[in-house]
Amino acid sequence: MRELSAPRGSWVIAASYLVALILTVWPLPQWAEVFRPAWVPLVTIYWCLWLPERVGVIIAFFAGLLVDALSGTLLGEHALALVMVAWVALWMHLQVRVFPWWQQCVVILGILALHGLVLFWVDGMLGYTAGAAMRWVPALVSAALWPWILQIMSRSQQRYHVG
Amino acid sequence: MAVFRRQRSPQLFSSRPAGALRTLLMIGISIMLMVYDHETGRLKQIHAALATLVWPVQVIVDAPHSLMTWAGDKLATHRTLVTENEQLKSRLLQEDATLQQFAALQQENQRLRGLMQAAAQVSGRVSAATILSAALDPFRHMVVIDKGTHDDVYEGQTVIDAYGIVGQVTRADPLASEVTLISDPGQAIQVEVNRTGLRTLAVGDADLSELTLPYVTNSADIKEGDLVVTSGLGGHYPAGYPVGVITHFERDPAEPFAHVLARTAADLSSGHEVLLFWPAQPPPETELSPKPASSIKAAPKSGKKRP
């Protein structure tokens, strides 16, 4: 497929990940910390749905390693969670693309719940079980934000002809 | 293959047969990384490389704060500077007065310890570091500071602030280090109650400025307002630094231990400046100090004895 049209706009994908990483560690007040959307999984889901031949589990894995390095978690923890996210997104991308927005939100909620579950599972094995009730909040917030993320991402994809 | 070829005709809609294998491979690598990182902690080079890679992100995130501080410094008026200078001078005078007494007390303490043949208190040098504003995992209590192995920071190093123990360096990368706060749910610190000498453990919980003392018996002599300091047992933290103040003590006859909470002495939630602590000599074998050890309710977590 690459021989037909050379991949264009790789920098847009890289820039979207950079922005997502910055937002992931952007300082928030203590109480707002649990409401932080899962930016990197959202970006990964978008690219896996709309550009599955460019962004897949390998990019998700390396993005996860960067998140691990940034957020001080065990090396491989976010990588594993993001690989799962990318895998489900790739698996469902044909269906999800034609879903109406609210149905997409439900799917995103499901994928991010899986993401949170993987993180919770690894954290639980390490003994970090505090605040378990708040683990679902990022998935809810992210799924609620999905229509806007979709708009912003698809506009920049069209604008810079990423394909 | 015919099926795949038919699906592939509009290029964007291809689902590659290699996907499952690749996914399993990546999952396997992630799990191996985690196990290896957790069990041996020997992925330092990968960590250092990744940390250098994400260093720009941390700088970008910290930029607004450092810009504000810089602008605040530049735009400060003469008047404010003079006032601040006066305040600092008077505070320095007060501190000096306290220190005079401290020197005498320290000498007396050393003499007494000599009489008791107890180990001398550890002293050392400190150096200031700034906490970068990058937020880490919300379920762990960690911060990133702007000093790394280039500035002789090492793993396990004690971090304090003006009021007490902040935590310890859990990862030292070249340009920055990760400090795990004492309030982290995975941290335990060896403490003693300053008033009575009762030794126990203080463990972090979900709250950023709160510690739990889970192994205090119902009969223990402890009350609200008691200062809790490091005991130096285990050799991780220097002895005698403030850890927290008891805020809650509740006897529960149905349980073997009382319900004890402490507020951290250090300003963990809003502090921006911390001090790194280098002990002058390797910590002495505090485990063998002559005090009766009956008040220790739990075995020291990783009591490393150093010669």
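Residues numbered from 1 in each chain as written. Chains lettered and ligands numbered in written order. Predicted model: local features only at pLDDT ≥ 70, side-chain atom pairs only at ≥ 80, totals over all residues.

Overview of the overall build of chain B
Phase 1 of the analysis: Across its full length, chain B holds four helices and 12 strands.
Phase 2 of the analysis: Per-residue burial for chain B yields a buried fraction of 31% across its 307 residues. (Helix = DSSP H or I, 4+ residues; strand = E, 2+ residues; numbered from the N terminus. Buried ≥ 20, exposed ≤ 12 C-beta atoms within 10 Å, placed from the backbone.)

Looking at the overall build of chain A
Phase 1 of the analysis: Helices and strands together make up the secondary structure of chain A, namely six helices and zero strands.
Phase 2 of the analysis: Walking chain A from its N terminus toward its C terminus, one meets helices and strands in the order α-α-α-α-α-α.
Phase 3 of the analysis: Taken across its 163 residues, chain A has 44% of its residues classed as buried.
Phase 4 of the analysis: Expressed as a percentage of contacts within chain A between residues at least 6 apart in sequence, the contacts between residues at least 24 apart total 69%. (Contact = placed C-beta atoms within 7 Å.)

Focus: the interface of chain B and chain A
Phase 1 of the analysis: The interface of chain B with chain A comprises 41 residues on the first partner and 39 residues on the second.
Phase 2 of the analysis: For the side of chain B that touches chain A, the elements supplying multiple residues, two or more each, are α2 (19-40) and α3 (44-75) of chain B.
Phase 3 of the analysis: Element by element, the count of residues in the side of chain B that touches chain A is highest for α2(B), at 11 residues.
Phase 4 of the analysis: Considered class by class, the residues forming the side of chain B that touches chain A number 24 nonpolar, 11 polar and six charged. (Nonpolar A, V, L, I, M, F, W, Y, C, P; charged D, E, K, R; others polar.)

Description of the sheet that holds strand β10 (residues 242-250) of chain B
Two orientations exist for strands paired in a sheet by backbone hydrogen bonds: parallel and antiparallel.
Residues and elements named next belong to chain B.
Phase 1 of the analysis: Strand order in the closed barrel formed by six strands is β6-β7-β8-β11-β10-β9, with antiparallel pairing between adjacent strands. Averaged over neighbouring strand pairs, the angle between their axes works out to 45° when direction is ignored.
Phase 2 of the analysis: Pairing of strand β8 (residues 210-212) with strand β11 (residues 259-264), which is carried by three bridges, proceeds in the antiparallel orientation. Considered in β11, the bridge of E210 is made with R263. (Pairing = 2+ DSSP bridges. Axes fitted to C-alpha atoms, helices over the stretch in contact; angles between N-to-C directions.)

Quick word on the packing of helix α4 (residues 77-98) of chain A against helix α5 (residues 101-126) of chain A
Residues and elements named next belong to chain A.
Phase 1 of the analysis: Interaxial distance between α4 and α5 falls to 9 Å at its minimum, and their mutual angle equals 160°. Compared by their axis directions, α4 and α5 come out roughly antiparallel. Where α4 crosses over α5, the handedness of that crossing is right-handed. Contacts from E77, L80, A81, M84, V85, V88, A89, M92 and V96 of α4 reach α5 at Q104, V107, I111, L114, H115, V118, L119 and V122.
Phase 2 of the analysis: When its residues are assigned to classes, the contact of α4 with α5 shows 14 nonpolar, two polar and one charged. (Parallel < 35°, antiparallel > 145°, perpendicular 65-115°, else oblique. Left-handed = near helix turned anticlockwise from the far one by under 90°.)

Notes on the nonpolar core
Phase 1 of the analysis: By size, the foremost hydrophobic cluster in this structure holds 104 residues, and its most contacted members are A:L82, A:V83, A:A86 and B:A202.
Phase 2 of the analysis: With 12 residues, α4(A) is the single largest residue contributor to this core.
Phase 3 of the analysis: Each residue touching A:A86, except ones within four places of it in the same chain, is listed here: A:T44, A:C48, A:G56, A:V57 and A:A60. (Core = buried A, V, L, I, M, F, W, Y, C linked by C-beta atoms within 7 Å.)

Let's talk about the sheet that holds strand β12 (residues 273-279) of chain B
Residue and element names in this part refer to chain B.
Phase 1 of the analysis: Spatially, six strands are ordered β1-β2-β5-β4-β3-β12 in a closed barrel, and the strand pairing comes out antiparallel. Neighbour-to-neighbour, the strand axes of this sheet turn through a mean angle of 45°, independent of strand direction.
Phase 2 of the analysis: Bridge count for strand β3 (residues 158-160) against β12 is three bridges, and the pairing is antiparallel. Residue pairing for β12: V159 is matched across the bridge by L276.

A few points about α4(A)
Phase 1 of the analysis: For α4(A), which comprises 22 residues, the first-to-last C-alpha distance of 32 Å matches the rise-based estimate of 32 Å (1.5 Å per residue) to within 8%.
Phase 2 of the analysis: Along its length, α4(A) shows its largest kink, about 70°, at A:M92. (Expected span 1.5 Å × (residues − 1). Bend = angle between axes of the 7 residues up to and from the residue.)

Things to note about helix α4 (residues 78-116) of chain B
Phase 1 of the analysis: Taking 1.5 Å as the rise per residue, α4(B) with 39 residues should run 57 Å; its terminal C-alpha atoms sit 55 Å apart, in good agreement.
Phase 2 of the analysis: Taking burial as the measure, the 39 residues of α4(B) include zero buried ones, a minor fraction of the element.

Considerations on unusual backbone geometry
Phase 1 of the analysis: Positive phi, close to 50°, is recorded for A:H161, a residue that is not glycine.
Phase 2 of the analysis: Phi at B:D152 is positive, roughly 65°, even though this residue is not glycine.
Phase 3 of the analysis: Residue placement: B:D152 occurs in the loop between β2 (142-145) and β3.

Let's talk about the pairing of strand β5 (residues 177-181) of chain B
Residue and element names in this part refer to chain B.
Phase 1 of the analysis: Among the five residues of β5, five are classified as buried, and the element is accordingly described as predominantly covered.
Phase 2 of the analysis: Along β5, one buried face is formed by S177, V179 and L181 and the opposite face, lined by E178 and T180, is buried too.
Phase 3 of the analysis: Alignment of β2 against β5, held across four bridges, turns out to be antiparallel. Its bridge partner being in β5, V143 is matched across the sheet by V179.
Phase 4 of the analysis: Sheet analysis places strand β4 (residues 165-172) next to β5, joined by five bridges and oriented antiparallel. Residue pairing in the sheet places Q168 in a bridge with T180 of β5.

Any functional reading would require information that these geometric values do not contain.
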